[in-house]
Amino acid sequence: MYDFAYHKPATVADAVKLLADPDAKAISGGHTLLPALKHRLNKPSALVDLSGIAELKGIRKVGNAIVIGALTRHVEVATSAEVKAAIPALAYMADHIGDVQVRNRGTMGGSVSNNDPAADYPAAVLGLGATIHTSSRKIAADDFFLGMFTTALEPSEILTAIEFPIPEKAGYAKMKNPASRYVMAGVFVAKTAGGVRVAVNGAGPCVFRQADMEAALAANWSVDAVAGVKQAADDLNSDIHGSAEYRAHLVTVMAKRAVAAAG
Amino acid sequence: MNVVAPFEGIGASVRRKEDFRFLQGRGAYTDDFNRQGQLHAWIVRSPHAHARIRGVDTAAAAKMPGVVAVFTGADMAKDALGGLPCGWQIHNKDGSPMAEPPHPVMAAEKVRHVGDPVAVAIAATREQARDAAEAVIVDYEVLPAAATMEAALKPGAPVIHDGVANNLCYDWHIGDKAVLDQAFAGAAKVVSLDLVNNRLIPNAMEPRAALGEFDRTTGEYTLHTTSQNPHVIRLLMGANVLHIPESKLRVVAPDVGGGFGSKIYHYAEEAIVTWSAGKLARPVKWTADRTESFMSDAHGRDHVSKAELALDANGKILGLRVHTYANMGAYLSTFAPCVPTYLYATLLAGTYTTPVIYCEVKAVFTNTVPVDAYRGAGRPEATFLLERLMDVAAKETGIDRIELRRRNFIQPDQFPYQTPVALQYDSGNYQATLDQALAAADWAGFEARRAEAARQGKLRGIGCSTYLEACGIAPSAVVGSLGARAGLYEVGTIRVHPTGSVTVLTGAHSHGQGHETTFAQLVADKLGVPVSQVDIVHGDTAKVPFGMGTYGSRSLAVGGSAMMKAMDKIIAKGKRIAAHLMEASVDDIEFDRGTFRVAGTDKTKALVDISVAAYVPHNYPIDELEPGLEETAFYDPKNFTYPGGCHIAEVEIDPDTGKVSMVNFTAVDDVGRVINPMIVEGQVQGGIAQGIGQALLETCIYDADGQLLSGSMMDYTMPRADDLPPVGVATHTTLCTHNPLGVKGCGEVGAIGSPPAVINAVVDALRDYGVRTLDMPATPAKIWQIINGGRRQAAE
Ligand SMILES: Cc1cc2nc3c(=O)[nH]c(=O)nc-3n(C[C@H](O)[C@H](O)[C@H](O)COP(=O)(O)OP(=O)(O)OC[C@H]3O[C@@H](n4cnc5c(N)ncnc54)[C@H](O)[C@@H]3O)c2cc1C
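Residues numbered from 1 in each chain as written. Chains lettered and ligands numbered in written order. Predicted model: local features only at pLDDT ≥ 70, side-chain atom pairs only at ≥ 80, totals over all residues. Heavy atoms only, no water.

1. Considerations on the sheet that holds strand 26 (residues 644-654) of chain B
All names here are of chain B.
Thinking step 1. Ordered by their spatial adjacency, four strands build an open sheet running 18-26-27-28, and the pairing between neighbours is mixed. Looking along the sheet, the strands with just one partner apiece sit at the ends: strand 18 (459-468) and strand 28 (727-731). Averaged over all adjacent pairs, the angle separating strand axes in this sheet is 15 degrees, with direction ignored.
Thinking step 2. Taken together, the 10 bridges between strand 18 and strand 26 define a ladder with antiparallel strand orientation. The partner of leucine 459 across the bridge, within strand 26, is isoleucine 653.
Thinking step 3. Sitting on the sheet, helix 12 (residues 430-440) is in contact with strand 18, strand 26, strand 27 (659-670) and strand 28, with an inclination near 30 degrees to strand 26. (Pairing = 2+ DSSP bridges. Helix = DSSP H or I, 4+ residues; strand = E, 2+ residues; numbered from the N terminus. Axes fitted to C-alpha atoms, helices over the stretch in contact; angles between N-to-C directions. Contact = heavy atoms within 4.5 Å.)

Take a look at the structure:
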């Protein structure tokens with residue numbers, strides 16, 4: 001780790017001010033950032049610790065949506081009675097991130113801002129058609145995830161909360177990478193007021209929507225409907241754990257399982 | 001009267017004494033030692049697999065905050081130090097010695113693998129040392145790399161060591177080729193199989209660390225290090241590298257958090273911190289981070305083989321022919337050359353009466369981390385080859401795989417059994433372990449379970465391995481004749497204190513094995529001293545007379561036997577003291593668990609009466625005997641020991657994802673006499689976890705440029721608890737005939753016996769897919785490829 005200054009602001013406004021320094025970095029659970037710092041892959045001038053900001057915490061039902069504060073830890077989403085009742089697939093997703101230690105430390109805001117292609121949360125955010133609230137605006141999920149580790153957030157912009165519309169039904173299934181246990185290929189399906197949405201994570205360089213599966217499920221919400229839809233391997237990831245073809249195959253398998261889980 | 005509650009002696013599952021310390025965070029590992037004025041070292045490592053060093057500029061680094069020194073390979077060369085030695089010499093087919101290129105502590109002219117040390121920055125804090133290491137500028141001329149054996153053996157391949165033609169370390173063989181060819185000529189059936197034994201990265205829980213100290217008053221050096229054998233490190237580093245006499249060099253291996261072989265070897269960092277501590281007259285500490293462990297701890301396995309088995313019409317094996325390429329990595333690690341030869345080819349008879357075996361091994365240098373012994377060392381490679389071959393032979397002869405094994409087993413009345421590949425097995429009963437395992441695993445009921453799994457859409461398979469291994473590594477004269485540059489005996493001192501408690505000094509080293517308990521049980525059993533009053537001292541050359549350390553499942557068979565010998569001496573002396581005290585003839589004194597008795601009388605003396613008399617010799621046979629009650633014995637066994645047994649794996653495959661789940665594992669092992677059943681079970685389970693890791697999960701991958709792709713836990717799949725099935729461990733004992741305890745060894749059987757059982761089970765699960773060759777690890781992607789018809793690709 002290189003030396004850095006440390007700040008712990010109490011409000012979003014103060015945090016944004018501190019993040020005006022282009023070399024400063026926000027830290028929430030630290031489960032992604034700290035390992036990167038320890039490996040000296042990152043040399044921030046300052047860490048702006050968001051954990052003291054009360055307005056970033058908590059889970060609320062607002063109208064027909066669940067609004068989750070950025071600092072909410074995975075374990076809190078996994079065990080929230082409100083989330084389990086309204087969007088069980090979201091609670092299930094959170095309950096299957098990493099291991100107990102990871103779920104006790106990692107935060108939703110950190111995960112979604114980081115946009116790791118193999119992370120779980122982005123699939124739920126995109127699959128449910130959520131709205132991302134930031135320190136300065138609201139961004140639709142479809143406009144948020146721009147590419148590998150890249151989002152629509154400006155450098156000094158903070159993700160404050162995410163508003164998840166409550167779907168009619170939703171389901172999530174993933175195949176884990178055997179080594180890292182991050183996602184090798186995952187699919188989040190949802191039947192929402194705005195239509196059927198299918199988001200794929202792990203398989204490609206960034207979470208994406210699977211239009212053919214959406215069309216198939218819109219016509220006929222059933223396991224069989226997605227079973228026949230093949231994911232093209234072009235542009236998918238290929239590494240020592242599996243080829244693009246394998247991941248493409250897994251997308252269909254996971255889509256079937258996600259639909260089955262959604263009921 | 002017995003003073004020992006019987007449950008503490010041989011055969012009792014005494015709870016591990018050392019665990020109270022470990023579980024409460026009171027263990028003392030190398031990195032826990034901190035000294036006044038201590039400095040920290042960070043090693044500058046090569047980012048290239050193969051490059052010439054044009055120059056190393058340390059000027060900027062030397063001026064950085066807290067930096068005390070920056071040393072390079074050239075600085076070491078100036079002090080006329082030696083290179084890291086190799087402890088085993090193999091001879092080629094033509095009798096010439098193997099190629100043994102120098103292994104500089106820090107590279108001065110060329111780097112040969114990613115992670116090869118080039119310089120060391122030494123500073124007040126670890127972070128300052130790391131900052132300085134980053135500021136060292138190394139001017140590399142990058143050379144083409146040979147990252148695989150195939151690349152290294154190609155005509156025109158990069159020359160890794162000047163003077164080593166074709167990157168070939170040795171071309172060795174064993175067995176009678178002409179007789180073998182005859183056997184093949186008369187065979188009814190020849191079965192052949194290509195195999196890869198995947199390269200593994202050991203990953204002990206505790207990363208390596210070293211703390212060097214120099215005492216200016218006495219001129220003595222002290223090294224604390226994460227070692228399985230501190231005396232061996234003292235010998236190798238003192239005599240070969242730093243030229244420090246043993247009397248001025250103390251090596252301490254305190255609590256060590258796992259080794260699995262990777263902490264046997266003398267590593268560069270040990271020499272670097274010891275040498276720097278002398279130069280700077282300040283303690284210098286180095287502790288690896290996990291990234292360094294991946295690129296600097298010796299790796300394991302990495303064989304490519306072709307095996308051919310000749311059988312008669314009844315499935316009797318007539319002969320076995322094996323050609324193996326073994327990867328040595330960039331340099332010869334301490335014991336590397338013996339692993340694919342004398343720890344491998346000599347095991348190819350396994351549990352079978354194969355009359356003739358010929359094996360040829362070519363050892364190859366590559367631009368990768370050195371490869372050396374890793375849990376099982378050579379024996380897992382031999383067992384995988386043989387037990388896979390038996391299953392393929394069964395399939396191709398149409399003989400049931402269990403029946404084929406039975407037809408070829410060495411029979412219980414054939415011991416001692418001389419194999420055609422040098423070893424003479426002393427005891428075993430392979431039918432018994434097989435029968436017991438088949439019953440425990442409900443082999444007979446498998447087809448019903450397979451059918452049930454099929455109804456759930458799963459492919460279920462079962463597989464076995466009836467393995468044998470040689471351990472208790474051993475007789476000095478034998479290993480010497482095979483090229484070892486060391487003896488392989490062990491040393492034990494029994495110190496009975498005046499008030500009757502006992503300190504044992506042993507040359508074995510415990511880094512997870514539970515010696516503090518098992519060894520104490522030997523004393524409890526023989527001398528009748530409660531386990532709580534027996535302390536085991538190991539791992540310090542200043543305390544223990546000598547020792548060869550722990551590896552090759554040798555601690556109890558060799559180290560325990562040394563203790564038994566020393567205890568015999570204690571008893572013999574005790575009898576003479578007792579005879580004097582009880583005014584009897586020494587021939588009339590009997591001893592049993594702590595009590596000396598005049599035969600046929602009720603006159604007795606307890607061990608404590610004898611020890612008091614020995615240290616307070618007021619009434620003592622002082623004309624005949626010296627005071628004191630302490631004895632040392634060196635034990636050099638007559639033979640290896642030969643554990644064996646049967647492992648049965650049951651797996652289920654999800655055909656949609658290719659994921660293999662272990663559903664059950666049964667092990668019935670003959671490890672000789674069991675001293676502590678609980679510890680044996682733990683050792684076997686741990687070994688099986690590593691075997692399942694090799695079979696399903698772990699593999700070290702370099703890219704064509706020699707960059708380590710599986711260089712962290714994100715990409716190297718260590719087995720986790722939920723990867724493992726319920727493991728049933730049982731033993732079936734035949735005693736070792738040549739050591740006083742009858743013990744064989746249990747540290748490696750799990751890792752040796754299990755991989756082929758797992759792969760045989762996976763192949764069985766895929767029986768409808770025509771799979772013949774399946775290289776480890778059986779990852780989901782590989783299995784999916786097979787299921788989806790990409791069979792040829794996956795099989796390569
Ligand atoms: C061993 C291990 C296993 C894991 N397994 C999984 C897994 O299986 N699936 C999975 O999805 N994840 C996994 N994770 C990741 C983990 O779940 C966290 O989601 C992740 O680390 C990010 O959350 P964090 O709170 O730790 O973020 P941090 O590490 O604190 O921050 C991550 C990044 O986001 C930025 N950031 C943080 N908060 C905000 C904010 N509110 N606004 C703007 N930017 C912000 C930071 O500057 C940083 O760049 C794993 C992590 C570990 C260590």
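This is not the end of the story, as more comes after the structure.
2. Observations regarding helix 6 (residues 177-185) of chain B
Residue and element names in this part refer to chain B.
Thinking step 1. Within helix 6 the residues assigned to the buried category are Leu180, Ala183 and Phe184. Down the axis, helix 6 shows its buried residues gathered within 100 degrees of arc, on one side only. Residues of helix 6 that are exposed and point over 90 degrees away from its buried face: Ala178, Gln182 and Ala185.
Thinking step 2. Along its buried surface, helix 6 packs onto strand 8 (189-197), strand 13 (303-311), strand 14 (317-329) and strand 15 (357-365). (Buried < 20%, exposed > 50% of the residue type's maximum accessible area, 1.4 Å probe, protein only. Arc of directions from axis to C-beta.)

3. Points about the domain arrangement of chain B
Residue and element names in this part refer to chain B.
Thinking step 1. According to the domain assignment, chain B contains domain 1 (6-27 + 489-635), domain 2 (36-143 + 203-296), domain 3 (145-200 + 300-410) and domain 4 (425-468 + 643-796).
Thinking step 2. Distance from the C-alpha centre of domain 2 to the C-alpha centre of domain 4: 37 Å.
Thinking step 3. The interface of domain 2 with domain 4 comprises nine residues on the first partner and 11 residues on the second.
Thinking step 4. Taken over both partners, the interface formed by domain 2 and domain 4 buries close to 720 Å², and the fraction arising from carbon and sulfur atoms is 62%.
Thinking step 5. On the domain 2 side of the contact with domain 4, Val114, Asn203 and Phe294 bury the most area, a combined 60% of that side's loss.
Thinking step 6. Linking domain 2 with domain 4 are zero salt bridges, by the criterion used here.
Thinking step 7. For the interface between domain 2 and domain 4, the tally reads one residue pair in polar contact (both at pLDDT 80 or more).
Thinking step 8. Taken together, the residues of the side of domain 2 that touches domain 4 sort by class into six nonpolar, two polar and one charged. (Domains from an automatic or database assignment. Buried area = accessible area lost by both parts, 1.4 Å probe. Salt bridge = Lys/Arg side-chain N within 4 Å of Asp/Glu carboxyl O. Polar contact = N/O pair within 3.5 Å; in protein donor to acceptor, adjacent residues only side chain to side chain. Nonpolar A, V, L, I, M, F, W, Y, C, P; charged D, E, K, R; others polar.)

4. Focus on a nonpolar patch on the surface
Thinking step 1. Taken together, the side chains of Val608(B), Val612(B), Tyr615(B) and Val616(B) make up a nonpolar region of the molecular surface, amounting to roughly 270 Å² of accessible area.
Thinking step 2. Relative to the helices and strands, Val616(B) is located in the loop between helix 17 (607-615) and strand 25 (630-635). (Patch = residues over 30% accessible without salt bridge, like charges linked within 9 Å, V, L, I, M, F, W, Y side chains within 5 Å. Areas by Shrake-Rupley, 256 points an atom, 1.4 Å probe, with all protein chains shown as cover.)

5. Side note on the sheet that holds strand 11 (residues 169-176) of chain A
Residues and elements named next belong to chain A.
Thinking step 1. The sheet built from four strands is open, its strands ordered 11-12-13-14 with antiparallel pairing. Sheet topology places strand 11 and strand 14 (208-209) at the edges, where each strand pairs with a single neighbour.
Thinking step 2. Relative to strand 12 (residues 183-192), strand 11 runs antiparallel, the two sharing eight bridges. If you follow lysine 174 over to strand 12, its bridge partner there is glycine 186.

6. Structural notes on the UniProt feature "domain: FAD-binding PCMH-type" (unreviewed entry) in chain A
Thinking step 1. As annotated by UniProt and renumbered to match this structure, "domain: FAD-binding PCMH-type" (unreviewed entry) occupies residues 1-169 of chain A.
Thinking step 2. As annotated, residues 1-169 of chain A has a helix share of 34% and a strand share of 24%, and its two end C-alpha atoms lie 45 Å apart. (UniProt positions renumbered as here; feature names shortened; annotations may be inferred.)

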